[in-house]
Amino acid sequence: MLKLFKNLLPVLLFFTACESVYDPEVELVGNVLVVDARLVYGQQENKIILQYSAGFNKEDRFDPVTTARVIISDRWGMEYNTVQHEPGVYTLQGQLDSTRQYKLIISAEGEIYESELEAIPPVPAIDTLYSDHAELWARPGGENSSNEFIKTPGQQLYVDIYNDTGKAYFKFTAQNILQYYFTFDTILYGQSTRLNKYGWKSFYPQELFNIAGPAVYSSKVDVKKHPVEFFLYNDKSLLQVNEFGLGWIYIMHQYSISESAYNFYSDVNSQLNANGKIFDPLYVQARNNIKCVSDPNKIILGNFEIANHREYRFFVHLNQNTGDHIIRPIEEFYEIPPSGIKSVMIPWFWEN
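Residues numbered from 1 in each chain as written. Predicted model: local features only at pLDDT ≥ 70, side-chain atom pairs only at ≥ 80, totals over all residues. Heavy atoms only, no water.

Colleague: Please give an account of a nonpolar patch on the surface that cites residues and values.
Modeller: On the surface, a nonpolar cluster with roughly 260 Å² of combined accessible area is contributed by L208, F209 and L272. As for its placement among the helices and strands, L272 is situated in helix α2 (residues 259-272). Overall, L272 belongs to the exposed group, its relative accessible area being 53%. (Patch = residues over 30% accessible without salt bridge, like charges linked within 9 Å, V, L, I, M, F, W, Y side chains within 5 Å. Areas by Shrake-Rupley, 256 points an atom, 1.4 Å probe, with all protein chains shown as cover. Salt bridge = Lys/Arg side-chain N within 4 Å of Asp/Glu carboxyl O. Helix = DSSP H or I, 4+ residues; strand = E, 2+ residues; numbered from the N terminus. Buried < 20%, exposed > 50% of the residue type's maximum accessible area, 1.4 Å probe, protein only.)

Okay, structure coming up:
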């Protein structure tokens, strides 16, 4: 053993001697203007948010830009001013005109930023919504966990959009409301009675931007079998021990967006899904439609977007044992709080 140690000692000393600490020089870059300007046609009020990016190795605090002038201008030069009601949030009052094109103009810190002109796109209706069995793979502890991936079965919802207006691009968001009940004991008319309480919880998908467009390298403009939402067969992981699920109210928002907005979200998705590989795209490579006209070398992050909107609601109730799944449209668009509980009486918006 001693002889082996003597033979290994020079090797160990060699590797120890080769180890050194590399302290790279990181170029300090000033905070960059970040714009969140997503206007929706039909809304009476739209908000444009201006912030500064956080520096490298700095805390994730995004300071508001409070000294800017933000206006919306149409292609004929008519300007619509915004009002800053809270730090960094500039509000545009009044609905947009569907026959006009608009651009964003920002004056901040002695520089002028302008977007390209954006029109209000048409919003073709969804033709069909349907589902198919699917399996969701996830790592319980997150991306850096050493745990094995687990498989969760459920139903994947898809949409078809047939379009006769030319190429169209879409973004989808959702609010998923889980209906449930649980029992409680009480005294009613002098007797012990067991009754139900009815509750609901909202979930908002927090993944990549869900965007859809025509198939690449195809002359067809329809969108077919685009995945919009995944529902678990077993919702017990979202409920307490004594709670039992009674189906979902699925509120889907379909936004018709421009091709430039679609490209921007596509680039951002590529960055968010990058996982730190050496050739991953950088944030400055996200194609946007806002430039600094007073200094072309200045970087600005974000995009100016005008979207058209449709809302759909569906009741979703899955039965893995029988395969009798219920997915049907909801005609009444009730105002539903994000969460709550009602005793005995079923809530006014309840679906079954």
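Colleague: So what about the packing of aromatic side chains? Which residues, and what values?
Modeller: Tallied over the entire structure, the rule returns 17 aromatic pairs. Summarising the aromatic geometry, the rings of W348 and F349 are spaced 5.1 Å apart at their centres and angled 90 degrees between planes, so their arrangement reads as edge-to-face. By relative accessible area, W348 is classed as partly exposed at 46%. Put simply, the rings of Y198, W200, W348, F349 and W350 touch in pairs and so form one group of aromatic residues. (Phe/Tyr/Trp six-rings, centres within 6.5 Å; stacked < 30°, edge-to-face > 60°.)

Colleague: Lay out the pattern of salt bridges with the relevant residues and their values.
Modeller: Between side chains of opposite charge, a pair can form as their charged atoms come close. Overall, the coordinates contain 12 salt bridges when judged by the stated rule. When the shortest N-O distance is used, the salt bridge between K151 and E135 registers 3.7 Å. Note that K151 is positioned in strand β11 (residues 150-161) and E135 in strand β10 (residues 128-138), a separation of 16 residues in sequence. The partly exposed category is assigned to K151, whose relative accessible area is 46%. A relative accessible area of 39% places E135 in the partly exposed class. Its salt-bridge partner being R313, residue E311 comes within 2.7 Å of it at the nearest N-O pair.

Colleague: Could you give me a rundown of the environment of E135, with the residues and numbers involved?
Modeller: Sequence separation of E135 and Q155 is 20 residues, and the distance between their C-alpha atoms is 7.9 Å. Those residues in contact with E135, other than ones at most four positions away along the chain, are K151, T152, P153 and F230. (Contact = heavy atoms within 4.5 Å.)

Colleague: Which residues make up unusual backbone geometry, and what values go with them?
Modeller: Trans peptide bonds make up the majority, and among non-glycine residues the majority have a negative phi. The phi dihedral of E109 is positive, around 55 degrees, even though this residue is not glycine. In this structure, Y189 is a non-glycine residue whose phi angle is positive, near 55 degrees. For Y189, a relative accessible area of 79% translates into the label exposed.

Colleague: Report on the side chain of S258, specifying residues and quantitative values.
Modeller: Among the structural elements, S258 can be located in the loop between β16 (244-257) and α2. At 3.1 Å, the side chain of S258 forms a polar contact with the side chain of E118. Of note is the side chain of S258, whose polar atom sits 3.2 Å from the backbone nitrogen of A261. Here S258 is in contact with E118 and Y169, once residues within four sequence places are set aside. (Polar contact = N/O pair within 3.5 Å; in protein donor to acceptor, adjacent residues only side chain to side chain.)

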